[in-house]
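Working through the structure, step by step
One-letter residues, chain by chain:
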Amino acid sequence: WKHREEAWPHLGDAGTIDIKVSGVNIGLTVDVGMDDEGEPHVKSHGCSFSEDKIKVEFHGHLSKYYFYNMFNHATASAVKAALNDQLCPLISRELNGDINSILSSLDLTTNIDSFCYIN
């Protein structure tokens, strides 16, 4: 991150931020079945996300004076909200789209001998 105040006294600083998320739990309900053409199909519904702790630590010139670290809780809350808003829809979208396209490309017929096969 980098910041420079445009107005006088033109204060600025730059640094990094460490974000550690621990104790992540994702719950996902998936229906596995067949579509109208008899192909395997999965559909996700009902997703939940939780975490035990989000730790935020700023590094920069002013952070040694604990200035930026006053905002740790607000930053952690913003990270938590972003994870809650984006993670489950992303997982569901990938599962419902990509997995089904992979499943539809699988060969579901197995030959038993030259005259018989299982579908």
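This text gives an overview of the structure that appears in the document. (Residues numbered from 1 in each chain as written. Predicted model: local features only at pLDDT ≥ 70, side-chain atom pairs only at ≥ 80, totals over all residues. Heavy atoms only, no water.)

Spatially, the 3 strands line up as an open sheet ordered β1-β2-β5, and their pairing is antiparallel. Strands with a single pairing partner mark the edges of an open sheet, and in this sheet they are β1 (2-4) and β5 (53-60). Averaged over all pairs of adjacent strands, the angle between their axes in this sheet comes to 30°, without regard to strand direction. As paired strands, strand β2 (residues 12-22) and β5 are joined by 8 bridges and run antiparallel to one another. (Pairing = 2+ DSSP bridges. Helix = DSSP H or I, 4+ residues; strand = E, 2+ residues; numbered from the N terminus. Axes fitted to C-alpha atoms, helices over the stretch in contact; angles between N-to-C directions.)

Next up on the list: the state of the cysteines. The bond known as a disulfide is covalent and runs between the sulfur atoms of two cysteines. Under the criterion given, the structure shown has 1 disulfide. Each sulfur in the disulfide pair Cys 47 and Cys 88 lies 2.1 Å from the other. Disulfide Cys 47-Cys 88: torsion about the S-S bond near -70°, hence left-handed. On the criterion of sequence distance, the pair formed by Cys 47 in strand β4 (residues 40-50) and Cys 88 in helix α1 (residues 72-104) is long-range, its members being 41 residues apart. Among the residues examined, Cys 47 registers a relative accessible area of 26% and is labelled partly exposed. Accessibility expressed as a relative area gives 12% for Cys 88, which makes it buried. (Disulfide = S-S within 2.5 Å. Buried < 20%, exposed > 50% of the residue type's maximum accessible area, 1.4 Å probe, protein only.)

Okay, the side chain of Ser 44 next. Looking at where Ser 44 falls in the secondary structure, it is placed in strand β4. Within polar-contact distance, the side chain of Ser 44 engages the side chain of Ser 92 at 3.3 Å. With residues up to four places along the chain from it excluded, the contact list for Ser 44 reads Leu 28, Thr 29, Val 30, Ser 92, Leu 95 and Asn 96. (Polar contact = N/O pair within 3.5 Å; in protein donor to acceptor, adjacent residues only side chain to side chain. Contact = heavy atoms within 4.5 Å.)

Remember, this is a structural readout, not a statement about activity or role.
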